[in-house]
Each structure stands twice: as structure tokens, then as C-alpha cells.
Amino acid sequence: MKPHLRRSLAAACGVLTLLTLASCGDPAPQSSGGPATVRRVTKDQYVAIIGDVFGADIKIQGRFDPDVRESGLLAIGTAHVSVTPSSLEQYDSIARTIAAQVVDEHHRAQLFPCKPASPTAPDDGCAGQFLGEVGHQLYRRPLTGQELKAQVAVAHEAAGTLGSFYDGVATSLAIMLESPRFLFREETAEPDPDHPGTLRLTAFSKATRLSFFLWNTTPDDQLLAAAENGELNTESGLARQVDRMLASPRLKSGVRAFFTDMLGFDAMATLAKDPEVYPKFTPTLIGDAQEQTLRTLTDHLLTRNGDYRDVFTTRHTYLTQLLGAIYRVPVGTKGGWEAHDFPDGDPHAGIETEVSFLALHSHPGRSSSTLRGKAVREILLCQQVPTPPASVNFSIVQDTKNANLRTARDRLTAHRTQPTCAGCHKIIDPIGLSLENFDGLGGYRAQENGAPIDTSGDLDAVHFEGAAGLGQTLHDDPAATACLVNRLYGYGAGRAPVTGEAEWMKYLQARFAAQGYRLPDLMRTIVTSDAFYRISAPSKPDGTTQAATASPKEGKS
Amino acid sequence: MKFDRRTALHGMLGGGAVSVALPFLDCFLNTNGTALAATGAPLPLRFGTWFWGCGLTPGRWIPQKTGAAYDMPPELKPLEAFKDRLSIFSGFKANTDGKGAVPHYTGSMAIMTGAAPKGQGMVEAATFDTMVADTIGGQSRFRSLEVTATGNPSDSNSRRSSAVINASEPSPLAFYQRLFGPEFKDPNAADFKPDPRVMVRKSALSAIKDQRDALLGEVGAADRVRLDEYFTSIRQLEQQLDIQLQKPAPLEACKVPGQPGATKVGTQIDDVIANHRLLAGLMAQALACNQTQVFNVMFGDATSSLRKAGSTITHHQLTHEEPIDEKSGCQPEATYFVERIVEGFQTMLVAMDSVREGDGTLLDHMLLFAYSECSFAKVHSLESIPMFVAGRANGKVKTGLHIDGGGDPVTRVGLTVQQVLGVPASSWGAGSMQTSKSVTEIMV
């Protein structure tokens, strides 16, 4: 959407924002809120933060522990993982290499607000100025007086021992970069004066949730200032920040991060295909495939402000030469991307017919209707498919050499006659079978083992033909849009919606529909609501609630 | 030489004024906290696990006879040379206790945590290697080391909870750098100078440690456990730095290996075998150089993704889909991978046995526990999951036996291994798998 157009729409709603929570529709229902979260920053977030605070040329070398997927999202898993000894060792090593670069002769001139009295001795004034400014961004709030004092003391002692001011500051900075205050996004709550008896996130926690949700990085100076001066706790102030953030090019990073998580693209890093069956498969190709889907999505949902449902049917996408070889489309642009529209009648329509989806949900050497059907259910419709029971005989399923069972449909139909398997397979296979025109890498084929492929499919009570039919069915299925709402909210809140938010989730879905399934509008509805920041009272170890005591995070230095 | 931090500080800084907090260090204590660890102590006891996915073939790996005179069954032939230092456990069963069997997961987690998991990735307790590491792992640089030969760092069975997973290192080169990179202190080096940078780093960690109470007081109970785990990791890092500040006792068996080249990591069987061989060799030297006493190796992932170059199908798929050949009683294509797996175990045993140490080899001074997650992968069977114990554990175990569990829970084996290694546990496991019945046949 063009910024000026978006702003004028925002202004139209903004007037009403002051009056009611839901600016352009029915008032929002009450929500219980959920627990505050403590989320470990992800690798991508870590990289983005370091880029924001110190510049994109700072190299980050090291291994990050894998994230854990819960309730369909890594973002929710981040609220449950910890830091093991081996992972701390990695954070320590990464932090020291970053700190060494930040203080090297090349960077210190740009990054330090001051010069030490002597480069070979401690200088608490200059160290404090630098560490205070940097710490503000890294901890997403001002350092407390005690924290800053401790960091300066580390720099002082190290500078004395090592005979270098900058090595001293680097030692202190490294400690900050491996501190739990940086590695974990700890949310704190306070009583909400506008809704007595309820809790809300504190302003800095609010800024952090907002920034990671929309931009996938640490809050910038303006957002931190809005938290500090109270602006973020007013409806108009919040709306101003939200307008600014939704208009920023950084929104694209945030939306890409969300879909990378929702679509399970973390699995791309370990995706393997048999090179003899799929000689075109390379890590570069699969990287391009992921990028293609993210480009298709951000182009459709942000640039064009399109209807989310159309991502299942869109024929407009972006290709590289490597991808062109799979789609059998000539791509002229060398080493870059070009837009492509698949013609009507082409089997490619919608992200579920792109290489990223088809290859990810296949076996290394062949397609899998079961994996694809399961992925449609679990990833695109948020429906849980049970795990297969123990003691199942799979012999018949994919004996690809059986002369009587030449296609996947033949083999799966035989398998489904076993009663223990039938229950689940009948709800997943008929979805995946509609994509059987695409092999295990996503290339088109009309036949399997010389037999024509029947791509008719079923999703619940709807019968359809082929990939395009599946796309249209997904487009029309309310579960698909409800799934997006559910995932997006869970992604932002760091937890699955709780029972007390059921009405609120219904409201969000209704708003999404009323606004033509526009993603930026949905994001705006979420981040300008009270519900998004409402915290249910958590119990502390001593039995009191978080809000019962003043948050130390809000303390000023 | 008895290390004294105050002396080191003074020596290093020429007695200049420094203010460093000097807490009494855990690493100077033995594991009971009753005495200072002296140099020249008996060789340390080591523990390792070795895991592979998709089991073995029933009828082809269980010896006919039990006890010491067992016959080496066809699938275990490559282990013949180690027969007197290998014990085979058959007939031990994982129970699901009404929680449903999670394919390729319930078995391994029942063996390692003593309880059937609630679901994929949802364990009820820590895996027992972490308890062993807490018992014997405190004296070395790393409390434990985890590696995988199939390329995916997420493939690790070692966990303190569902969310606290000790991720595996897949790359031999990266593993080498972690062990023998610039931070490695060669125990046999002629001179030793404590590195002032290490001293500074260690001291700086107190700025984090000082935040512990405040931070834990701000969060709910579940987050408190997670953050406490973080602070445990901080103490572990501190201990690693401490060890770097001490002159290590010379270790005759420690020979710093050459740096491996970059290798292709992935699930293709030839790559897996090559990477596993490198990782096994590095792990043996990690033990010999006292970098760790506890390790976990994944030869394959639970849903065994091993595959041949140019084949369309993985080991896992074969176990389910390939018909059983009536003559041989096995699935021929799947058996190809079973053979490579058993050879992989042999590679690990050879790697440990080829390091001479004291009056024997590393293998004599360790207990290596090998296990899978099911017995017959074709039907995800949880009865008679293959388990092995190799090594003499400094004479703490009797070896060379075939034990038939007769349908007893797998936890009997885990409990026994823990007891041999000094974990103070008299009973272990949950639900129907709770047991206090050790496998006394193998205990000395």
C-alpha cells in the first residue's frame, strides 16, 4: 500500500480510535489476557538487533541453538526454551567477537559517543556513556543505576588488567550481550489504571512486544522514547507509533519473519533431496524457493494490500533462473528476480503449488500426498492430525514397483483399507492427492510410472479437481483465515490464545473479514487493542502476583 | 601443583592492586564436596551414550543363550572382537502408561527419562545422562558434549526438560575447533601462563551472577526454572574458565589430533559414516585430554533418515515398506543400513579402544551405553528394544553378558547404569516403569 494512502485510512479510523477501541466496527469484547512471557531472542532477531545497534557490517560467527516449535510456532517455543551450557558457550563466543569488532579502530570512531582520556587506562565517564546508550537498546529499556554501575565496574577492572580502555569496554559489552536481560525478552506487568483490577504490560514491555511483532527486532529510539514518556500508554500515542511502524519498510522484515515461522521454513536448512532423482536440487535452489514464497506473500499482502485468501490462488509470483528450470518458465534475469504471472489453466496457482511447500512436504526421493495433506491441515488450517498408531504395517503404501499399484493414489487407497489407518488418512490423503501433479521437488508431471495421475481431491465435504481446485477450496475455507488470525496473534503474544480470549479471537476474525482480509489491518487491530497487552495475573514463587510489586525494569538510573 | 587463584593473580599482575571476588570454587571439590581434588588421582570415569534410530531385526540380534557364554548373533558380528567388554540387553520393554506411543520417540525417552513422554518433544523428566554429568562431569572443561553424524543440530536425546535440550554439533571441523581451538590448554605443554583475558572474563561474569536473585524474583514459577537453568550454564562457563586458569595435570594419553577438513554433513550414508568416524576420534581425544567425561553421540536420527546415494528411499521408509524376505528373515534393503549402524558402533568402540591409557585403554575406563528407540521398526515395537553396555568402567561393571529382561521395564537398565556411575539413585522411573530392581548381574 502506498504510504500516503495508508496514512489517510489510518487518519479516518484514528479519529474514532480515540472514542472506542475498535475504531471501525463493533466494540471489542472483553478479554482475559494471558500470562506475560519470557522469550529467548531467536537467531534472526539477534542478528537484526546487532545490525540495528552496531551496523550491518558487524560479523556474527557461531552456532545458535535450534528453536523449538510449540502450538505451531517457534515464536511460542521461545517462551519455553532456556540456555544450556553449550549454548551459553556459543553466546559467549559470539558476544566476544561482536564486542571486539565494535571497539576496533574502524568502528569505534562511529560507535563511541566519546573518547577516553587515555586509551590505555580506565575511563568510567566515557565507558558509562557508551554502555548506557548501547544498553538502553540491548535491554530495551534504560539500565538501572545499579546495572550501569556494575557494567562500568567490569569495564574499569578489565581496562586496568588489560591496559586498554577499549578492551575493558569490550569485556563489559560482551557481558551485556550474554546477559539474560538481553537474551531473554522478559515481560513485566503493572495495574492498568484504565481498567481497574486488570494488569497490562509495562510501557517498555509493550514497546518490545510491538517491535518484535511488527519488525522482528529491538525497539528503535522513537519507540523507546514513547515508552519512557508515557505516550505509548495513551490510545493516540500508541496509534501514532503503530502508524509509523506499519508504514516503515521494516514491516516487511516482520511479516517475512512471521511467515517463515508459520510455514515452517526453518526445516529448509536440513531439507535433503536425492541428487540422482532430483539433480536440480541444490541448497541455492531451495533458498530461492523459500525466497519466492516470501516475496509472493509480501508483494501480495503488503505492496498490493491484497486479500489474504488470494495467496492460495494467486498466479503472480517471482522467479530466478534456477526456479525457472523447475517451473519450466524461461527467466531472462541473470542472478536476480523477475515477476512472473502463470497463465490461466496453468497448474501453478497459490503458495501451496510453489516449490517451497511441495518440496518441504515430500520425501527425499518422491512426493507424499500424506505429508502434503497433513501440512495443509496443520500449517494452513491449524488442525491437529493425530500421530500414527503403534504396530502398523506400511508394506503396501509405497511399494512403487508394484505393477498393480502404479500411482500414489492406488497405493494409498490400498493402505486406507486397513481400519487402523483409515481414520486419519481419509482426512489427509485426499488433500495431498490433488497435488500429485508435482513431484517431490515440485516439478510438474502428468503421469506416474506411465499411468495418468488423477488429481481430484476432497477437503472435508468439498470435492475439487487438481491444485487449482485445492487453492480455491482453501480460499473459501473459513478455517484458513481463522488459522492466520490464530497464528498471528500467538506469534505476537508468544503463547497460544487462552480460553478467556475466545470472544476476542472471534472478534479478530470478524474484523479481519470485515476489512477484506487485509493483513496490515489485522496487525493494526491487534496492536492497537488493549487485549494484546492485557496480562492475566501470574503467580510468583512467593504466591504474590507480578503487578503487586513495582517493576524493577521501570527504575531509572 | 596446587592451584591457588590468589597466587595466580599476583603472579600474573605482579602483585598489583586488583579487586576480584574470590568465591570458593566448586571445581576444587570432589563430587561429594568432601575433599579437595588432588592431582595424580585415579583415572577419571567416563560415560557415553550412542544412539541410532529404527532398531535392529528381531531374530537376528538376540543371542540364543544368556549369560557369559552367549553366541554372537548375525547382526552383531562386527562386534565380535569386543565380546568380552560388551553386554547385550534384550527383552526389556518400554511401557506407554496410557499416554499413547509416539512413533520413534516413546522408546528412546522411556529408556533415557524413565517415563513415557506425553507427546513428541514432551518429556516428563530429564534424560539420565544429565544426572550422570552432574555426578561425574564437574571436573572437566565441558560437563558433556553432544554430536550427531546426520547433520541436524536438533537431533539430540540429551535434555534436562522438554525445553532444555543439549543440541548436537554436526560438523567435525566445528567440533574440533570447540575442543582444540585457541581456548584449549594442552595438558602436556611445557609452560603454562594463566591468560589475563580469561581472568578478566571470569571476573566479569559476576556482573551477570549478581542479577540472579532479582531476575528470578520477577518471573513466574515456570520461567524461574528456565532462567535458573541459564544461571547454571553461567556457573558452568565460569568453571570452564577456571579450568583454563589452572595448569592442567599432564595426561599421557592426550594427543591433540590434527584438524579435520570441512566435510559434507547430511543423511547420505557414506557422509554419515565418514563424519561419525571423525567425531568418534575427536571424542576419544576429548576424553583422553580431559575436556569432558560425559558425551552423547547420535549415529542416526530417531526416524532413521539414512539413505544411499541415488536411492529414493530412507532407512526409515524401508523399515515400514519393504517386505520381509522369508529365507533370511530380514528386510534386505533396510538391513543394509542396520549393518552400517552396527559397524558404526564398532567404529566408536575401536576409537575408544585405540587410545592407550594407564594399564588399559579408554574403553576400560568408561561405560558406553548404546540404544535405539524401538525393536522392530516396521511396527514401531516397544518390546525388547536393543540396548548395549560396553567398556569396563574402571572395573565397576561385569561385561560380556547377555541379559534377558523377560519383559521387565527398560528402566532397570537405566537405573543400573546410573548406579554403576555413582548417581545416588535407589529407584528410578515413573508409572509402571518405576523400578528399584537393578540388573545386579552386571554390577561388581
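Structure first, text after, so check above.
Reference entry: report on the structure contained in this document. (Residues numbered from 1 in each chain as written. Chains lettered and ligands numbered in written order. Predicted model: local features only at pLDDT ≥ 70, side-chain atom pairs only at ≥ 80, totals over all residues. Heavy atoms only, no water.)

A closer look at helix α20 (residues 466-476) of chain A
Residues spaced three or four apart along an α-helix point in a common direction, a consequence of the helix completing one turn every 3.6 residues. This is how the line gets drawn: Burial classes: relative accessible area under 20% of the type maximum marks a residue as buried, over 50% as exposed, and values in between as partly exposed (1.4 Å probe, protein chains only). A helix here means a DSSP run of H or I that spans at least four residues, while a strand means a run of E at least two residues long, and both kinds are numbered starting from the N terminus.
The buried fraction of α20 of chain A amounts to eight of the eleven residues, a majority that puts the element mostly inside the structure. By the burial criterion, the buried members of α20 of chain A are G466, A467, G469, L470, G471, T473, L474 and H475 of chain A.

Describing the interface of chain B and chain A
We count it as follows: Between two residues, a contact is recorded if the distance between any of their heavy atoms is within 4.5 Å. Summed over both partners, the accessible area lost on bringing two parts together, with a 1.4 Å probe, is the buried area. The rule for a salt bridge is simple: a side-chain nitrogen of Lys or Arg has to be within 4 Å of a carboxyl oxygen of Asp or Glu. Definition of a polar contact: a pair of N or O atoms within 3.5 Å, with one able to donate and the other able to accept a hydrogen when the atoms are protein atoms, and with sequence-neighbouring residues admitted only if both atoms are side-chain atoms.
In this assembly, 64 residues from chain B lie in contact with 64 residues from chain A. Looking only at chain B, the three residues that lose the most surface to chain A are E218, R226 and Y230 of chain B, adding up to 13% of its buried area. Between the two partners, chain B and chain A, sit eight salt bridges. Between R201 of chain B and D92 of chain A there is a salt bridge, with its nearest N and O atoms 2.7 Å apart. The tally of links between chain B and chain A comes to 19 residue pairs in polar contact (both at pLDDT 80 or more).

Remarks on the pairing of strand β10 (residues 462-465) of chain A
The side chains of a regular strand alternate, first on one face of the sheet and then on the other. Residues and elements named next belong to chain A. Applied cut-off: When DSSP locates at least two bridges between a pair of strands, those strands are taken to pair.
Pairing between strand β9 (residues 456-459) and β10: four bridges, direction antiparallel. Bridge assignment links G457 to a residue of β10, and that residue is F464. Here β9 folds back onto β10 in antiparallel fashion, the turn holding two residues, of which D460 has a positive phi close to 55°.

Some remarks on the side chain of E231 of chain A
Residues and elements named next belong to chain A. In this structure, E231 sits in the loop between α11 (221-228) and α12 (235-247). Exposure remark for E231: the relative accessible area of 19% places this residue in the buried category. Here the side chain of E231 touches R240 through a polar contact of 3.2 Å, side chain to side chain. Contacts of E231, omitting those with residues within four sequence positions, involve A226, G237, L238, R240 and Q241.

Here we look at the sheet that holds strand β4 (residues 199-201) of chain A
Residues and elements named next belong to chain A. Spatial ordering of the open sheet is given by β3-β4-β11, a layout of three strands whose pairing is antiparallel. Either end of the sheet is taken by a strand with one partner, and the two such strands are β3 (189-191) and β11 (534-535). Examined bridge by bridge, β4 and β11 share two bridges and lie antiparallel to one another. Looking across to β11, one finds that L199 is bridged to I535.

Observations concerning the state of the cysteines
One covalent bond between the sulfur atoms of two cysteine residues makes up a disulfide. How we decide: Note on terminology: pairs of cysteine sulfur atoms within 2.5 Å are recorded as disulfides.
Evaluated as defined, the whole model comprises three disulfides over all chains. In this model, C114 of chain A is linked to C126 of chain A through a disulfide, with the two sulfur atoms separated by 2.1 Å. Its torsion about the S-S bond being 95°, the disulfide of C114 of chain A and C126 of chain A is classed as right-handed. Taken together, the residues span a long stretch of sequence, with C114 of chain A in the loop between α5 (105-111) and α6 (124-139) and C126 of chain A in helix α6 at a distance of twelve residues. The same class applies to C114 of chain A and to C126 of chain A, which are both buried. Note that C382 of chain A is cross-linked by a disulfide to C483 of chain A, the S-S spacing being 2.0 Å. Looking down the S-S bond of the C382 of chain A and C483 of chain A bridge, the torsion is 75°, so its handedness is right-handed. Separated by 101 residues along the polypeptide, C382 of chain A in the loop between α17 (369-380) and α18 (408-416) and C483 of chain A in helix α21 (residues 478-493) bring together distant segments of the chain. Judged by its relative accessible area of 27%, C382 of chain A falls in the partly exposed class. No disulfide involves C330 of chain B; its nearest neighbouring cysteine sulfur is the one of C54 of chain B, lying 15 Å away. This cysteine, C374 of chain B, is not joined by any disulfide, and C54 of chain B carries the nearest cysteine sulfur, 5.6 Å off.

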